[in-house]
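# Residue-level structure breakdown
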Amino acid sequence: MSITILGIESSCDDTSSSVIRDGVMLSNVIASQAVHEAYGGVVPELASRAHQQNIIPVVAEAIKRAGIDKSELSAVAFTRGPGLMGSLLVGTSFTKGLAASLDIPMIEVNHLQAHVLAHFIKETPDDDHAPSFPFLCLLVSGGNSQIIKVNAYNDMEVIGQTIDDAAGEAFDKCAKVMGLGYPGGPVVNRLANEGNPNAFTFSKPHIPGYDYSFSGLKTSFLYTLRDHLKDDPDFIEKNKRDLCASLQATVIDILMSKLRKAAKDLHIKEVAVAGGVSANSGLREAFLDHAKRYGWKVHIPKFSFTTDNAAMVAITGYYKYMDKEFCPMDAAPFSRVVL
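Per-chain numbering applies: the sequence of each chain, read as written, is numbered from 1 onward. Totals for whole chains, interfaces and linings use every residue, but because this is a predicted model, local features are given only for residues with pLDDT of at least 70 and side-chain atom pairs only at 80 or more, for both listing and counting. Side-chain numbers come from the whole structure's heavy atoms, not from hydrogens or water.

Glancing now at the UniProt feature "binding site: Fe cation" (unreviewed entry) in the protein. UniProt positions are given in the numbering used here, feature names are shortened, and annotations may be inferred rather than shown by experiment. Here, the residues flagged by UniProt with the feature "binding site: Fe cation" (unreviewed entry) are His111, His115 and Asp308. Of the residues just listed, which span 198 residues, no C-alpha pair is farther apart than 8.7 Å, and they cluster in one region. Pairs of residues are marked as contacts when any of their non-hydrogen atoms sit within 4.5 Å. Look past the residues within four positions of His111 in its chain and what remains in contact with it is Glu9, Ser11, Thr79, Gly81, Pro82, Asp308 and Met312. Residues adjacent in sequence count toward polar contacts only when both atoms are side-chain atoms; beyond that, a polar contact is any pair of N or O atoms within 3.5 Å, and within protein one must be able to donate a hydrogen and the other to accept it. Polar side-chain contacts of His111 include one of 3.4 Å to the side chain of Glu9.

Structure follows, in structure tokens:
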């Protein structure tokens, strides 16, 4: 009998729902929130209100596009955390109501684990692009920078992570001081493609093991702007492409140096990238370059699976369903958690 999972994602500012049947994606609907652009960042209260408006039509559309009836659902998988508490509460509450009305189980999903398992989403039954176990996954997003050793669907070990800012935060914060708007990461990426990555030098951390730190880079970037603006008030406007290119190159070098060390030490050549920053063109190019230089077999997600989406929640729920990992009706969301 087929296993049909409805996934619901509401951890931040995107409301998403997806239907996956036997590992194959039938639909993936995402409603984004433009309201936050005026504030230079996600406003939690506005995000939760928008989720309340969006969740019913988004879920209905996902079921419609999948061409199924809700009575065919085997379970509902939802993001329990980490994320914004108000946003998570909307998704959790809706899931409880839907699961109770259909008398089907609920499956809680760790948002970070879902990003990793996005590599296992099939768009056709013959899709066989998934990584082989064990593999390393560099998970990079606005709130997380981690190196994860993935032994199995249900066995992941964080072997390195940021001790302060995440890579995505570094991009967004540096973009903000340059007046590039929100979200800053994509703007930095676009301008970096037109600039010189060797124009400026920023400090790199010396952190033992596989852990990351981006606070020093951010401070170095701010000091560079401060020192040059004293002599030239138009320094940022004149050099924003080179600044973005140099910033991006430094972040990528920091990320890849630790990933190279982990791959060498653990003798693993199957390497994946996941999370919002995996959409960065420079990081994607670095992965392809490392595949040639070090013989890695790299796995880079489709752009549609880099940002928050419910397909990654549904595929995680699919594997947990096969292990009968259901959660009780009194499950509460959590804003912070590690894998």
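Another point: the packing of aromatic side chains. Ring pairs are drawn from Phe, Tyr and Trp, using the six-membered ring of Trp, whenever the two centres fall within 6.5 Å, and their geometry is named by plane angle: stacked under 30 degrees, edge-to-face over 60, tilted for the rest. According to the stated counting rule, one finds 14 aromatic pairs in the structure shown. Both rings, one in Phe202 and one in Phe221, keep their centres 5.2 Å apart while their planes meet at 55°; by these two values the pair is tilted. A residue pair is termed long-range when its members are at least 10 positions apart, and Phe202 in the loop between α5 (184-192) and α6 (215-231) and Phe221 in helix α6 qualify at 19 residues. An aromatic cluster of at least three residues, connected via ring pairs, comprises Phe120, Phe133, Phe135, Tyr153, Tyr318 and Tyr319. Above the plane of the ring of Phe303 lies Arg284, whose end atom (NZ or CZ) is 3.9 Å from the centre. Here a strand is any run of E in DSSP of at least two residues, a helix any run of H or I of at least four, and the numbering for each starts at the N terminus. In our convention, an over-ring charge means Lys NZ or Arg CZ found within 6 Å of a ring centre and within 35 degrees of that ring's normal.

What we call a disulfide is simply a covalent bond connecting the sulfur atoms of a pair of cysteines. The definition used for a disulfide is geometric: two cysteine sulfur atoms within 2.5 Å. For the coordinates displayed, the defined rule picks out zero disulfides. Lacking any disulfide linkage, Cys137 is separated from the closest cysteine sulfur, that of Cys12, by 19 Å. Partly exposed residues are those whose accessible area sits between 20% and 50% of the maximum for their type, while under 20% is buried and over 50% is exposed, using a 1.4 Å probe and protein chains only. Cys137 gets classed as buried once you look at its relative accessible area, which sits at 0%.

The UniProt record annotates "binding site: substrate" (unreviewed entry) at Leu139, Val140, Ser141, Gly142, Gly143, Asp172, Gly185 and Asn280. Among the structural elements, Gly143 can be located in the loop between β6 (135-140) and β7 (145-152). Looking at the secondary structure, you find Gly185 in helix α5. Excluding residues that lie within four positions of it along the chain, Gly185 makes contacts with Phe171 and Asp172.

Axes, fitted as lines to C-alpha atoms, cover a helix only where it is in contact. Angles between the N-to-C directions of the axes lie from 0 to 180 degrees. Put simply, helix α1 (residues 44-66) and helix α2 (residues 85-102) touch, their axes get as near as 8 Å, and they point 30° apart. Classified by the angle between their axes, α1 and α2 sit roughly parallel to one another. In terms of crossing hand, the pair formed by α1 and α2 is right-handed. Across the interface between the two elements, Ala47, Ser48, His51, Gln52, Ile55, Ile56 and Val59 of α1 pack against Gly86, Ser87, Val90, Gly91 and Phe94 of α2. Note on residue classes: Ala, Val, Leu, Ile, Met, Phe, Trp, Tyr, Cys and Pro are nonpolar, Asp, Glu, Lys and Arg are charged, and everything else, Gly too, is polar. Classifying every residue of the contact of α1 with α2 by side-chain character gives six nonpolar, six polar and no charged. Note on angle classes: values under 35 degrees are labelled roughly parallel, values over 145 roughly antiparallel, values of 65 to 115 roughly perpendicular, and the remainder oblique. For any helix crossing, the convention is left-handed if the near helix is rotated counterclockwise from the far helix by under a right angle, and right-handed if that rotation is clockwise.

Following the sequence through the fold, His290 ends up in helix α8 (residues 281-294). Here the side chain of His290 touches Arg260 through a polar contact of 3.0 Å, side chain to side chain. If sequence neighbours within four positions are ignored, His290 has contacts with Met256, Arg260, Gly295 and Trp296.

Looking now at the sheet that holds strand β4 (residues 75-81). Here five strands make up an open sheet; going across it, the order is β3-β2-β1-β4-β5 and the pairing mixed. Two strands close off the open sheet at either side, each with one partner strand: β3 (24-31) and β5 (106-110). Within the sheet, the average angular offset between the axes of one strand and its neighbour, ignoring direction, is 20°. Note on pairing: DSSP must find at least two bridges between two strands before they are called paired. The sheet contact formed by strand β2 (residues 15-21) and β3 spans seven bridges and is antiparallel. What sits directly across from Ser18, in β3, is Asn28. α2 contacts β1 (4-9), β4 and β5 of the sheet and is inclined by roughly 160° relative to β4. Docked against the sheet, helix α9 (residues 310-322) engages β1, β2, β3, β4 and β5, running at close to 135° with respect to β1.

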